[in-house]
Amino acid sequence: MAGAKIDQLFTNAQIATMAPSSAPYGMNDATALGVTAGEISWMGHLDDLESTALAKNVVVTDLEGRWITPGLIDCHTHLVYAGNRSQEFEMTLKGASYEEIAKKGGGILSTVAQTRSASEAELAASSQPRLEAMMACGVTTVEIKSGYGLDTENEIKMLEVAKQLGEINAVRVKKTFLGAHALPPEFAGDSDGYMAKVCHEMLPTAHTLGLVDAVDAFCEKIAFSEHQVRQLFKVASRLEIPVKLHAEQLSNLKGAELAAHFKALSADHLEYLDEQGVKAMAKAGTVAVILPGAFYFLRETQKPPIDLLRQYGVPMALATDCNPGSSPTTSPLLMMNMAAILFRLTPEEALAGFTRHAAAALGMESEIGTLEIGKQADLAIWNIEHPSELTQGIGTNPLFLRYFGQDHVNN
(Lines give C-alpha, C1' and ligand atoms only; values in the text may rest on other atoms or scores of the structure.)
Protein backbone atom coordinates (compact mmCIF):
# COMPACT_ATOMS: atom_id res chain seq x y z
CA MET A 1 0.00 0.00 0.00
CA ALA A 2 3.10 2.23 0.04
CA GLY A 3 2.51 5.35 -2.02
CA ALA A 4 -1.19 4.62 -2.43
CA LYS A 5 -3.61 7.45 -1.76
CA ILE A 6 -6.78 7.71 0.28
CA ASP A 7 -9.75 6.48 -1.76
CA GLN A 8 -12.44 6.79 0.94
CA LEU A 9 -12.58 9.63 3.46
CA PHE A 10 -15.04 9.93 6.34
CA THR A 11 -15.26 13.43 7.79
CA ASN A 12 -17.03 15.26 10.62
CA ALA A 13 -17.01 12.11 12.76
CA GLN A 14 -16.48 11.09 16.36
CA ILE A 15 -14.25 8.05 16.68
CA ALA A 16 -14.19 5.27 19.28
CA THR A 17 -11.12 3.30 18.22
CA MET A 18 -11.60 0.63 20.97
CA ALA A 19 -7.81 0.34 21.05
CA PRO A 20 -6.31 -0.10 24.53
CA SER A 21 -6.07 3.43 25.92
CA SER A 22 -6.48 5.50 29.03
CA ALA A 23 -9.32 7.24 27.23
CA PRO A 24 -12.77 5.63 27.42
CA TYR A 25 -13.62 3.57 24.34
CA GLY A 26 -10.18 4.42 22.92
CA MET A 27 -11.51 7.84 21.99
CA ASN A 28 -9.17 10.35 20.37
CA ASP A 29 -9.60 13.86 19.04
CA ALA A 30 -9.56 12.78 15.39
CA THR A 31 -12.59 13.85 13.38
CA ALA A 32 -11.77 12.18 10.07
CA LEU A 33 -10.67 8.73 8.93
CA GLY A 34 -9.10 7.76 5.63
CA VAL A 35 -9.15 4.39 3.89
CA THR A 36 -6.73 3.15 1.25
CA ALA A 37 -7.34 -0.13 -0.58
CA GLY A 38 -9.53 -1.45 2.23
CA GLU A 39 -7.19 -0.51 5.10
CA ILE A 40 -7.28 2.37 7.56
CA SER A 41 -4.50 4.65 6.38
CA TRP A 42 -5.05 7.93 8.22
CA MET A 43 -6.87 9.49 11.17
CA GLY A 44 -6.79 13.09 12.25
CA HIS A 45 -8.23 16.52 11.60
CA LEU A 46 -9.27 17.40 8.08
CA ASP A 47 -7.30 20.66 8.19
CA ASP A 48 -4.11 18.64 8.67
CA LEU A 49 -4.66 16.40 5.64
CA GLU A 50 -2.66 17.31 2.56
CA SER A 51 -4.70 17.35 -0.61
CA THR A 52 -1.95 15.37 -2.30
CA ALA A 53 -2.81 12.42 -0.01
CA LEU A 54 -6.17 12.01 -1.72
CA ALA A 55 -6.83 9.91 -4.80
CA LYS A 56 -8.44 11.74 -7.71
CA ASN A 57 -11.62 9.69 -7.36
CA VAL A 58 -11.73 9.80 -3.55
CA VAL A 59 -15.19 9.28 -2.06
CA VAL A 60 -15.88 11.72 0.76
CA THR A 61 -18.67 11.01 3.27
CA ASP A 62 -19.69 13.71 5.74
CA LEU A 63 -20.92 11.85 8.83
CA GLU A 64 -22.43 14.99 10.39
CA GLY A 65 -21.14 14.18 13.86
CA ARG A 66 -21.98 10.48 13.91
CA TRP A 67 -19.82 7.93 15.74
CA ILE A 68 -17.49 5.42 14.10
CA THR A 69 -16.60 2.19 15.90
CA PRO A 70 -14.91 -0.94 14.60
CA GLY A 71 -17.27 -3.25 12.75
CA LEU A 72 -18.79 -5.70 15.20
CA ILE A 73 -17.39 -9.23 15.40
CA ASP A 74 -19.63 -12.17 16.34
CA CYS A 75 -17.04 -14.72 17.43
CA HIS A 76 -19.32 -17.63 18.43
CA THR A 77 -22.30 -18.65 16.28
CA HIS A 78 -24.05 -21.78 15.05
CA LEU A 79 -25.64 -19.76 12.26
CA VAL A 80 -25.87 -22.55 9.66
CA TYR A 81 -28.68 -24.99 10.45
CA ALA A 82 -32.06 -26.14 9.18
CA GLY A 83 -35.44 -26.15 10.90
CA ASN A 84 -36.28 -24.82 14.33
CA ARG A 85 -36.88 -26.04 17.87
CA SER A 86 -39.86 -23.96 18.95
CA GLN A 87 -41.55 -27.00 20.50
CA GLU A 88 -38.61 -27.39 22.85
CA PHE A 89 -39.06 -23.77 23.86
CA GLU A 90 -42.48 -24.73 25.15
CA MET A 91 -40.95 -27.66 27.03
CA THR A 92 -38.43 -25.33 28.63
CA LEU A 93 -41.17 -22.97 29.75
CA LYS A 94 -42.90 -25.91 31.42
CA GLY A 95 -39.80 -26.64 33.45
CA ALA A 96 -37.74 -29.11 31.40
CA SER A 97 -33.98 -28.56 31.66
CA TYR A 98 -31.53 -28.43 28.76
CA GLU A 99 -30.16 -31.83 29.80
CA GLU A 100 -33.64 -33.39 30.11
CA ILE A 101 -34.59 -32.27 26.61
CA ALA A 102 -31.32 -33.61 25.20
CA LYS A 103 -31.80 -37.00 26.87
CA LYS A 104 -35.24 -37.30 25.23
CA GLY A 105 -33.72 -36.96 21.75
CA GLY A 106 -34.29 -33.23 21.51
CA GLY A 107 -31.75 -30.49 21.63
CA ILE A 108 -28.82 -30.70 19.26
CA LEU A 109 -29.92 -34.06 17.78
CA SER A 110 -33.25 -32.57 16.72
CA THR A 111 -31.42 -29.99 14.64
CA VAL A 112 -29.02 -32.65 13.36
CA ALA A 113 -31.92 -34.58 11.82
CA GLN A 114 -33.28 -31.48 10.10
CA THR A 115 -29.87 -30.31 8.91
CA ARG A 116 -28.94 -33.71 7.50
CA SER A 117 -32.16 -33.81 5.47
CA ALA A 118 -31.59 -30.33 3.97
CA SER A 119 -29.71 -29.89 0.72
CA GLU A 120 -26.75 -27.54 0.57
CA ALA A 121 -28.88 -24.99 -1.30
CA GLU A 122 -31.69 -25.26 1.24
CA LEU A 123 -29.26 -24.87 4.10
CA ALA A 124 -27.73 -21.77 2.53
CA ALA A 125 -31.16 -20.26 1.86
CA SER A 126 -32.31 -20.74 5.45
CA SER A 127 -29.04 -19.35 6.86
CA GLN A 128 -28.80 -16.27 4.65
CA PRO A 129 -31.49 -14.22 6.47
CA ARG A 130 -29.78 -14.80 9.79
CA LEU A 131 -26.49 -13.50 8.41
CA GLU A 132 -28.23 -10.50 6.87
CA ALA A 133 -29.81 -9.68 10.23
CA MET A 134 -26.38 -9.68 11.88
CA MET A 135 -24.90 -7.49 9.16
CA ALA A 136 -27.78 -5.05 9.65
CA CYS A 137 -26.57 -4.65 13.24
CA GLY A 138 -23.06 -3.68 12.17
CA VAL A 139 -21.38 -7.10 12.04
CA THR A 140 -18.47 -7.30 9.60
CA THR A 141 -16.93 -10.58 10.81
CA VAL A 142 -18.74 -13.72 11.95
CA GLU A 143 -17.55 -17.12 13.09
CA ILE A 144 -19.75 -20.01 11.92
CA LYS A 145 -19.49 -23.47 13.45
CA SER A 146 -20.47 -26.82 12.02
CA GLY A 147 -21.80 -29.37 14.51
CA TYR A 148 -25.29 -30.20 13.25
CA GLY A 149 -24.10 -32.77 10.75
CA LEU A 150 -22.15 -35.16 12.99
CA ASP A 151 -20.90 -37.23 10.07
CA THR A 152 -18.29 -36.45 7.45
CA GLU A 153 -20.66 -35.63 4.60
CA ASN A 154 -22.92 -33.31 6.54
CA GLU A 155 -20.21 -31.56 8.55
CA ILE A 156 -18.53 -30.72 5.25
CA LYS A 157 -21.86 -29.58 3.84
CA MET A 158 -22.24 -27.12 6.71
CA LEU A 159 -18.71 -25.79 6.33
CA GLU A 160 -19.17 -25.42 2.58
CA VAL A 161 -22.31 -23.35 3.21
CA ALA A 162 -20.43 -21.17 5.70
CA LYS A 163 -17.73 -20.63 3.08
CA GLN A 164 -20.33 -19.73 0.44
CA LEU A 165 -21.99 -17.22 2.76
CA GLY A 166 -18.68 -15.44 3.11
CA GLU A 167 -18.16 -15.41 -0.64
CA ILE A 168 -21.55 -13.95 -1.59
CA ASN A 169 -21.91 -11.42 1.23
CA ALA A 170 -19.83 -8.40 2.23
CA VAL A 171 -18.71 -10.02 5.45
CA ARG A 172 -15.73 -12.00 6.70
CA VAL A 173 -16.58 -15.59 7.72
CA LYS A 174 -14.35 -17.75 9.92
CA LYS A 175 -15.21 -21.46 9.77
CA THR A 176 -14.99 -23.64 12.89
CA PHE A 177 -15.20 -27.45 12.83
CA LEU A 178 -17.45 -28.62 15.68
CA GLY A 179 -17.83 -32.29 14.86
CA ALA A 180 -17.55 -33.03 18.60
CA HIS A 181 -20.79 -31.23 19.39
CA ALA A 182 -22.97 -34.19 20.37
CA LEU A 183 -23.12 -37.95 19.95
CA PRO A 184 -25.04 -38.88 16.77
CA PRO A 185 -27.75 -41.57 17.06
CA GLU A 186 -25.79 -44.11 15.01
CA PHE A 187 -23.05 -44.01 17.67
CA ALA A 188 -25.35 -44.24 20.68
CA GLY A 189 -23.40 -45.70 23.59
CA ASP A 190 -20.07 -45.44 21.75
CA SER A 191 -18.70 -41.95 22.30
CA ASP A 192 -15.13 -43.19 22.05
CA GLY A 193 -15.87 -44.72 18.66
CA TYR A 194 -17.43 -41.50 17.44
CA MET A 195 -14.54 -39.39 18.70
CA ALA A 196 -12.15 -41.69 16.82
CA LYS A 197 -14.12 -41.00 13.65
CA VAL A 198 -14.01 -37.25 14.36
CA CYS A 199 -10.26 -37.34 14.91
CA HIS A 200 -9.18 -39.66 12.13
CA GLU A 201 -11.74 -39.07 9.37
CA MET A 202 -14.00 -36.05 9.77
CA LEU A 203 -11.51 -33.38 10.84
CA PRO A 204 -8.67 -34.44 8.50
CA THR A 205 -11.07 -34.54 5.54
CA ALA A 206 -12.48 -31.09 6.27
CA HIS A 207 -8.99 -29.73 6.82
CA THR A 208 -7.74 -31.15 3.51
CA LEU A 209 -10.59 -29.34 1.78
CA GLY A 210 -9.48 -26.03 3.32
CA LEU A 211 -12.68 -25.62 5.32
CA VAL A 212 -11.32 -25.36 8.87
CA ASP A 213 -10.06 -22.17 10.52
CA ALA A 214 -10.43 -23.55 14.06
CA VAL A 215 -11.54 -26.67 15.93
CA ASP A 216 -14.14 -26.60 18.71
CA ALA A 217 -15.75 -29.20 20.98
CA PHE A 218 -18.46 -29.42 23.65
CA CYS A 219 -16.84 -30.59 26.88
CA GLU A 220 -19.79 -31.49 29.12
CA LYS A 221 -21.50 -34.43 30.79
CA ILE A 222 -24.08 -34.60 28.00
CA ALA A 223 -21.39 -34.34 25.33
CA PHE A 224 -17.67 -35.27 25.53
CA SER A 225 -15.24 -35.81 28.37
CA GLU A 226 -12.02 -33.96 29.04
CA HIS A 227 -10.09 -37.06 27.95
CA GLN A 228 -11.96 -37.33 24.65
CA VAL A 229 -11.55 -33.65 23.85
CA ARG A 230 -7.85 -33.92 24.62
CA GLN A 231 -7.50 -36.54 21.86
CA LEU A 232 -9.18 -34.20 19.39
CA PHE A 233 -7.02 -31.25 20.37
CA LYS A 234 -3.89 -33.35 19.88
CA VAL A 235 -4.97 -34.03 16.31
CA ALA A 236 -5.75 -30.35 15.77
CA SER A 237 -2.30 -29.45 17.10
CA ARG A 238 -0.63 -31.86 14.67
CA LEU A 239 -2.59 -30.25 11.85
CA GLU A 240 -1.61 -26.81 13.18
CA ILE A 241 -5.23 -25.71 13.61
CA PRO A 242 -6.09 -23.42 16.54
CA VAL A 243 -8.65 -24.69 19.05
CA LYS A 244 -11.46 -23.30 21.17
CA LEU A 245 -13.89 -24.98 23.55
CA HIS A 246 -17.45 -24.95 24.87
CA ALA A 247 -16.49 -25.23 28.53
CA GLU A 248 -18.08 -25.12 31.98
CA GLN A 249 -21.58 -24.28 30.72
CA LEU A 250 -23.56 -26.81 32.78
CA SER A 251 -20.90 -28.12 35.16
CA ASN A 252 -17.16 -27.87 35.80
CA LEU A 253 -15.24 -30.58 33.96
CA LYS A 254 -12.03 -28.49 33.95
CA GLY A 255 -12.51 -27.78 30.26
CA ALA A 256 -11.11 -24.27 30.57
CA GLU A 257 -7.86 -25.66 31.96
CA LEU A 258 -7.71 -28.14 29.10
CA ALA A 259 -8.29 -25.32 26.62
CA ALA A 260 -5.56 -23.27 28.25
CA HIS A 261 -3.16 -26.21 28.10
CA PHE A 262 -3.56 -26.22 24.31
CA LYS A 263 -3.26 -22.39 24.13
CA ALA A 264 -6.84 -22.20 22.91
CA LEU A 265 -8.07 -19.03 21.26
CA SER A 266 -11.06 -19.06 23.59
CA ALA A 267 -13.11 -20.94 26.13
CA ASP A 268 -16.81 -20.19 25.81
CA HIS A 269 -19.88 -20.06 28.12
CA LEU A 270 -17.97 -20.54 31.42
CA GLU A 271 -20.84 -20.28 33.89
CA TYR A 272 -19.21 -22.89 36.16
CA LEU A 273 -15.63 -21.69 35.70
CA ASP A 274 -13.57 -21.65 38.91
CA GLU A 275 -10.56 -19.60 39.95
CA GLN A 276 -8.11 -22.30 38.91
CA GLY A 277 -9.55 -22.25 35.41
CA VAL A 278 -9.42 -18.46 35.30
CA LYS A 279 -5.74 -18.50 36.29
CA ALA A 280 -4.98 -21.05 33.57
CA MET A 281 -6.75 -18.97 30.93
CA ALA A 282 -4.92 -15.82 32.03
CA LYS A 283 -1.55 -17.55 31.79
CA ALA A 284 -2.32 -19.01 28.35
CA GLY A 285 -3.84 -15.83 26.88
CA THR A 286 -7.13 -17.64 26.25
CA VAL A 287 -10.10 -15.32 25.74
CA ALA A 288 -13.30 -15.84 27.75
CA VAL A 289 -16.33 -15.74 25.45
CA ILE A 290 -19.42 -14.80 27.45
CA LEU A 291 -22.77 -15.84 25.98
CA PRO A 292 -25.65 -14.08 27.78
CA GLY A 293 -28.24 -15.18 25.23
CA ALA A 294 -27.99 -18.85 26.20
CA PHE A 295 -27.87 -17.96 29.90
CA TYR A 296 -31.06 -15.92 29.52
CA PHE A 297 -32.90 -18.32 27.24
CA LEU A 298 -32.21 -21.39 29.38
CA ARG A 299 -33.09 -19.43 32.52
CA GLU A 300 -29.81 -20.35 34.16
CA THR A 301 -28.87 -18.98 37.56
CA GLN A 302 -25.12 -19.72 37.73
CA LYS A 303 -23.37 -16.66 36.32
CA PRO A 304 -19.89 -16.57 34.78
CA PRO A 305 -17.27 -15.33 37.28
CA ILE A 306 -16.95 -11.86 35.79
CA ASP A 307 -15.11 -10.38 38.78
CA LEU A 308 -12.50 -13.17 38.70
CA LEU A 309 -11.99 -12.70 34.97
CA ARG A 310 -11.44 -8.99 35.57
CA GLN A 311 -9.13 -9.66 38.51
CA TYR A 312 -6.81 -11.88 36.46
CA GLY A 313 -7.02 -9.77 33.33
CA VAL A 314 -8.69 -12.36 31.11
CA PRO A 315 -10.16 -10.62 28.02
CA MET A 316 -13.94 -11.01 27.83
CA ALA A 317 -15.50 -11.32 24.40
CA LEU A 318 -19.24 -11.43 23.77
CA ALA A 319 -21.16 -13.27 21.05
CA THR A 320 -24.73 -14.06 20.07
CA ASP A 321 -24.28 -17.86 20.15
CA CYS A 322 -26.91 -17.77 17.39
CA ASN A 323 -28.47 -21.24 17.36
CA PRO A 324 -31.94 -22.78 17.14
CA GLY A 325 -32.18 -24.21 20.63
CA SER A 326 -30.57 -22.12 23.35
CA SER A 327 -29.87 -18.70 21.85
CA PRO A 328 -32.11 -18.00 18.84
CA THR A 329 -30.91 -14.44 18.31
CA THR A 330 -28.98 -12.53 15.66
CA SER A 331 -28.57 -9.28 17.62
CA PRO A 332 -25.17 -8.39 19.08
CA LEU A 333 -26.67 -5.18 20.41
CA LEU A 334 -29.22 -7.12 22.49
CA MET A 335 -26.40 -9.32 23.80
CA MET A 336 -24.50 -6.22 24.89
CA ASN A 337 -27.51 -5.08 26.88
CA MET A 338 -27.99 -8.53 28.42
CA ALA A 339 -24.31 -8.71 29.38
CA ALA A 340 -24.63 -5.40 31.18
CA ILE A 341 -27.92 -6.15 32.92
CA LEU A 342 -27.39 -9.83 33.75
CA PHE A 343 -23.62 -9.90 34.33
CA ARG A 344 -22.87 -6.24 35.12
CA LEU A 345 -20.40 -5.64 32.32
CA THR A 346 -19.84 -1.96 31.73
CA PRO A 347 -20.93 -0.51 28.36
CA GLU A 348 -17.27 -0.13 27.42
CA GLU A 349 -16.56 -3.78 28.32
CA ALA A 350 -19.59 -4.84 26.28
CA LEU A 351 -18.46 -2.98 23.18
CA ALA A 352 -14.90 -4.27 23.61
CA GLY A 353 -16.46 -7.73 23.81
CA PHE A 354 -17.84 -7.39 20.29
CA THR A 355 -14.75 -5.66 18.88
CA ARG A 356 -11.22 -5.93 20.31
CA HIS A 357 -11.68 -9.05 22.43
CA ALA A 358 -13.85 -10.80 19.85
CA ALA A 359 -11.05 -10.32 17.34
CA ALA A 360 -8.64 -11.98 19.77
CA ALA A 361 -11.07 -14.88 20.21
CA LEU A 362 -10.66 -15.51 16.48
CA GLY A 363 -6.90 -14.97 16.44
CA MET A 364 -7.37 -11.84 14.34
CA GLU A 365 -6.44 -9.05 16.76
CA SER A 366 -3.66 -7.83 14.45
CA GLU A 367 -6.12 -7.32 11.59
CA ILE A 368 -9.49 -6.22 12.97
CA GLY A 369 -11.25 -5.22 16.18
CA THR A 370 -9.83 -1.72 16.65
CA LEU A 371 -9.52 1.36 14.48
CA GLU A 372 -5.78 1.69 13.93
CA ILE A 373 -3.57 2.53 10.98
CA GLY A 374 -2.89 -0.60 8.93
CA LYS A 375 -5.90 -2.56 10.10
CA GLN A 376 -8.82 -3.56 7.92
CA ALA A 377 -11.36 -0.80 7.35
CA ASP A 378 -14.28 -2.63 8.95
CA LEU A 379 -16.44 0.20 10.26
CA ALA A 380 -19.80 0.57 11.96
CA ILE A 381 -21.21 4.09 11.88
CA TRP A 382 -23.95 4.94 14.38
CA ASN A 383 -26.69 7.51 14.94
CA ILE A 384 -25.78 7.97 18.60
CA GLU A 385 -24.56 10.73 20.90
CA HIS A 386 -22.27 8.44 22.94
CA PRO A 387 -21.04 4.81 22.55
CA SER A 388 -22.77 3.77 25.79
CA GLU A 389 -26.08 4.00 23.92
CA LEU A 390 -25.18 0.83 22.03
CA THR A 391 -25.41 -1.15 25.27
CA GLN A 392 -28.27 0.78 26.85
CA GLY A 393 -30.83 0.14 24.15
CA ILE A 394 -33.07 -2.92 24.40
CA GLY A 395 -33.70 -4.23 20.91
CA THR A 396 -32.78 -0.94 19.27
CA ASN A 397 -30.53 -0.58 16.24
CA PRO A 398 -29.04 2.87 15.60
CA LEU A 399 -26.76 1.70 12.78
CA PHE A 400 -26.35 4.36 10.07
CA LEU A 401 -23.80 2.65 7.83
CA ARG A 402 -21.79 -0.57 7.80
CA TYR A 403 -18.58 -0.24 5.80
CA PHE A 404 -16.65 -3.37 4.87
CA GLY A 405 -13.43 -2.15 3.30
CA GLN A 406 -12.50 -5.46 1.72
CA ASP A 407 -15.77 -5.49 -0.21
CA HIS A 408 -14.99 -2.10 -1.68
CA VAL A 409 -11.58 -3.38 -2.79
CA ASN A 410 -13.15 -6.41 -4.46
CA ASN A 411 -15.71 -4.32 -6.27
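All values derive from a computational prediction rather than experimental measurement.

### Side note on the sheet that holds strand β5 (residues 54-62)
Part 1 of the reasoning: Spatial ordering of the open sheet is given by β4-β3-β1-β5, a layout of 4 strands whose pairing is mixed. Looking at strand neighbours, the two that pair on one side only are β4 (39-44) and β5, the edges of this open sheet. Ignoring strand direction, the axes of neighbouring strands in this sheet form an average angle of 25°.

### Regarding the UniProt feature "domain: Amidohydrolase-related" (unreviewed entry) in the protein
Part 1 of the reasoning: Per the UniProt entry, the sites bearing "domain: Amidohydrolase-related" (unreviewed entry) are residues 67-386 in this numbering.
Part 2 of the reasoning: From the first C-alpha to the last, residues 67-386 spans 8 Å; its make-up is 44% helix and 15% strand.

### Some thoughts on the pairing of strand β15 (residues 378-382)
Part 1 of the reasoning: Burial analysis of β15 places 5 of its 5 residues in the buried class, which makes it a mostly covered element.
Part 2 of the reasoning: Burial of β15 is two-sided: the residues D378, A380 and W382 facing one way and the residues L379 and I381 facing the other way are all buried.
Part 3 of the reasoning: In this sheet, strand β16 (residues 399-404) lies alongside β15 in antiparallel orientation, the contact comprising 5 bridges. Paired with I381 across the bridge in β16 is L401.

### What about the packing of aromatic side chains?
Part 1 of the reasoning: A full pass over the atoms with the stated rule returns 7 aromatic pairs.
Part 2 of the reasoning: Note on F10 and Y403: the rings are 5.3 Å apart at their centroids and 85° apart in plane angle, and the pair reads as edge-to-face. In this pair, F10 is assigned in strand β1 (residues 6-11) and Y403 in strand β16, connecting sequence segments 393 residues apart. Comparing F10 with Y403, the two get one shared label, buried.
Part 3 of the reasoning: Linked through ring pairs, F187, Y194 and F224 together constitute an aromatic cluster.
Part 4 of the reasoning: Cation over ring: R66 sits above F400, and NZ or CZ is 3.7 Å from the ring centre.
Part 5 of the reasoning: A cation sits over an aromatic face here: R130 above Y81, 3.6 Å from the ring centre.

### A look at the side chain of D321
Part 1 of the reasoning: For D321, the position within the fold is in the loop between β14 (316-318) and α12 (332-343).
Part 2 of the reasoning: One buried charged residue, D321, remains without a salt bridge, the closest side chain of opposite sign being K145 at 7.2 Å.
Part 3 of the reasoning: Once residues within four sequence positions are removed from consideration, D321 is found in contact with D74, H76, T77, H78, H269, L291, A294, S326 and S327.

Rules and cut-offs
- Residues numbered from 1 in each chain as written.
- Predicted model: local features only at pLDDT ≥ 70, side-chain atom pairs only at ≥ 80, totals over all residues.
- Heavy atoms only, no water.
- Pairing = 2+ DSSP bridges.
- Helix = DSSP H or I, 4+ residues; strand = E, 2+ residues; numbered from the N terminus.
- Axes fitted to C-alpha atoms, helices over the stretch in contact; angles between N-to-C directions.
- UniProt positions renumbered as here; feature names shortened; annotations may be inferred.
- Buried < 20%, exposed > 50% of the residue type's maximum accessible area, 1.4 Å probe, protein only.
- Phe/Tyr/Trp six-rings, centres within 6.5 Å; stacked < 30°, edge-to-face > 60°.
- Lys NZ or Arg CZ within 6 Å of the ring centre and 35° of its normal.
- Lys, Arg positive; Asp, Glu negative; His and termini not counted.
- Salt bridge = Lys/Arg side-chain N within 4 Å of Asp/Glu carboxyl O.
- Contact = heavy atoms within 4.5 Å.

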